[in-house]
Amino acid sequence: MSSPLHRDTLALRVAVERSLHGEHSEALYLSSGFVQPNAAAAARRFAGDEDGYTYGRSGNPTVSSFEQRLAALEGSEAALATASGMAAITLVCFGLLKAGDHVLYSQSMFGSTLKLVGTEFARFGVESTSVPQTDLGAWARAVRPNTRLLLAETPTNPLTEVCDIAALADLAHAAGAWLAVDNCFATPALQRPLEFGADIVLHSGTKFLDGQGRVMAGAVCASADLIHQRLLPVQKNTGMVLSPFNAWVVLKGLETLSLRLQAQSAQALALAQWLQTHPAVARVHYPGLASHPQHALAMRQMGGCGGAVLAFEVAASSPEQARARAFGVLDALQVLSLCTNLGDTKTLCAHPASTSHGKLSEAQRQAAGIVQGLVRVAVGLEHLPDIQADLLRGLDRIDTFHP
């Protein structure tokens with residue numbers, strides 16, 4: 001592939017070489033095994049001394065196309081595709097950490113990430129500390145001599161908090177640690193964390209990379225050395241791999257990623273501005289709003305766009321009333337979807353305190369700012385007045401919803 005090319009071109013053109021059939025759309029290779037040219041070549045390939053596909057758990061041409069394309073978009077040397085976004089985070093932790101190591105992570109991250117790092121890996125002797133996402137001083141104070149990984153998500157799910165990637169990268173590197181950034185909300189269409197000094201980029205391809213809510217997928221983007229020396233052996237041995245079909249679906253999703261993110265971000269900004277004016281809404285969380293605490297930082301890191309996800313808090317006098325009112329708004333929907341995924345072309349709404357963060361303790365939810373009146377909206381491509389009208393079915397009747 002000639003260079004330099006714009007990332008919109010890379011999103012269409014980067015893939016493994018065409019087969020002898022000359023297919024224009026990337027081929028879907030549904031095969032668990034690959035025939036070897038001879039026994040000596042097979043021995044070299046299984047030993048890792050020669051390139052070539054051997055077995056589905058170790059590689060597949062369709063999966064390779066997705067990995068190459070995503071790496072090109074993120075500006076990384078290499079990428080590994082995984083079965084889900086959580087598999088990507090698990091792979092990084094298994095590949096980089098051992099008993100006695102310490103992980104420093106944002107307390108505002110996705111609920112499953114908090115449970116994985118703070119609970120599951122503790123059983124294997126990995127220590128961890130959570131800190132407020134936007135408090136750089138708290139990050140610095142929490143660094144220990146055994147800190148090996150800093151883990152952040154920007155913007156966060158669902159409060160859209162933004163961290164200073166460059167500042168965290170400097171902090172991590174001064175401590176001899178890696179910085180991994182979950183780029184699920186922004187995607188490389190808006191933000192490329194490696195350009196700000198991050199070492200690892202994490203993705204749930206289930207979200208915007210696919211873009212239509214069809215399959216589960218994940219990925220890790222990093223240097224070739226980190227991918228091939230630290231992560232690939234773990235992936236092969238654990239089987240945390242992406243299926244060829246899912247890889248093909250997300251590969252095609254990448255072709256429209258930039259167009260979708262630009263259009264959905266514009267919709268989200270307009271919706272956030274409109275929600276701010278409604279008396280039933282107490283607060284709107286969206287990086288594109290000037291009222292967002294990290295608005296200026298978000299605009300610098302995210303190419304002037306706020307992304308396609310926002311959250312709002314309904315006005316209420318108690319947590320019980322807030323929950324009842326949030327449920328009322330969601331139950332009144334007739335067009336939008338009550339669904340915990342995001343990144344779809346269809347607008348999805350959810351109640352984080354009882355879904356994505358429902359398994360956290362109340363103390364953890366409070367620390368992360370996940371209040372009972374919070375509603376997350378992953379904005380799609382419907383006609384904006386239709387989105388507004390559907391939300392008004394509940395917002396205009398909010399006083400009628402009681403615990």
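As a reminder, the structure under discussion sits directly above these lines.
We now turn to the structure provided with this report. Remember, it's a predicted structure, so these values are computed and weren't measured experimentally.

Together, Leu28, Leu30 and Phe245 make up an exposed nonpolar region whose accessible area comes to about 300 Å². For Leu30, a relative accessible area of 65% puts it in the exposed group.

With that out of the way, let us pick up the sheet that holds strand E9 (residues 309-314). Strand order in the open sheet formed by 5 strands is E8-E9-E12-E11-E10, with mixed pairing between adjacent strands. Across the chains shown, the open sheet's two edge strands, defined by having one partner strand only, are strand E8 (281-285) and strand E10 (337-338). Pairing geometry for E8 and E9, over 4 bridges, is antiparallel. Counterpart to His285 in the pairing with E9 is Ala311. Where helix H13 (residues 319-331) meets the sheet, its contacts fall on E9, E10, strand E11 (348-350) and strand E12 (374-378), and the angle it forms with E9 comes to roughly 130 degrees.

Contact geometry of helix H11 (residues 257-275) with helix H15 (residues 384-395) gives a least axis separation of 11 Å together with a crossing angle of 35 degrees. Regarding H11 and H15, the two cross each other, and that crossing is right-handed. Two secondary-structure elements touch here, H11 through Gln267, Ala270, Leu271, Trp274 and Leu275 and H15 through Leu384, Ile387, Gln388, Leu391, Leu392 and Leu395. Across the contact of H11 with H15, the residue classes tally to 9 nonpolar, 2 polar and no charged.

The next thing to look at is the sheet that holds strand E1 (residues 78-82). Ordered by their spatial adjacency, 7 strands build an open sheet running E1-E7-E6-E5-E4-E2-E3, and the pairing between neighbours is mixed. The strands lining the two open edges of the sheet, one partner per strand, are E1 and strand E3 (127-131). Here the average twist between neighbouring strands, direction ignored, is 20 degrees. Direction of pairing for strand E4 (residues 147-153) relative to strand E5 (residues 178-182): parallel, over a ladder of 5 bridges. Paired with Ala152 across the bridge in E5 is Val181. Contacting E4 and E5, helix H7 (residues 165-174) crosses the sheet at an angle of about 150 degrees to E5. Lying over the sheet, helix H9 (residues 224-238) contacts E1, E5, strand E6 (200-204) and strand E7 (218-222), oriented at roughly 20 degrees with respect to E1.

Attention now moves to the pairing of E9. The buried count for E9 comes to 6 of 6 residues, which makes it a mostly enclosed element. Pairing analysis gives 5 bridges linking E9 to E12, with the strands arranged antiparallel. Along E12, the bridge assignment pairs Val309 with Ala378.

It is worth spelling out the pattern of salt bridges at this point. This structure, assessed with the given rule, holds 16 salt bridges. A salt bridge links Arg123 to Glu120, with the nearest nitrogen and oxygen atoms 3.3 Å apart. Residues Arg325 and Asp399 are paired through a salt bridge, measuring 3.3 Å at the closest nitrogen-oxygen approach. Taken together, the residues span a long stretch of sequence, with Arg325 in helix H13 and Asp399 in the segment after H15 at a distance of 74 residues. Accessibility expressed as a relative area gives 11% for Arg325, which makes it buried. One network of salt bridges, in which partners are shared, links Glu26, Arg69, Lys252 and Glu255.

Procedures and definitions
Residues numbered from 1 in each chain as written. Predicted model: local features only at pLDDT ≥ 70, side-chain atom pairs only at ≥ 80, totals over all residues. Heavy atoms only, no water. Patch = residues over 30% accessible without salt bridge, like charges linked within 9 Å, V, L, I, M, F, W, Y side chains within 5 Å. Areas by Shrake-Rupley, 256 points an atom, 1.4 Å probe, with all protein chains shown as cover. Salt bridge = Lys/Arg side-chain N within 4 Å of Asp/Glu carboxyl O. Buried < 20%, exposed > 50% of the residue type's maximum accessible area, 1.4 Å probe, protein only. Pairing = 2+ DSSP bridges. Helix = DSSP H or I, 4+ residues; strand = E, 2+ residues; numbered from the N terminus. Contact = heavy atoms within 4.5 Å. Axes fitted to C-alpha atoms, helices over the stretch in contact; angles between N-to-C directions. Left-handed = near helix turned anticlockwise from the far one by under 90°. Nonpolar A, V, L, I, M, F, W, Y, C, P; charged D, E, K, R; others polar.

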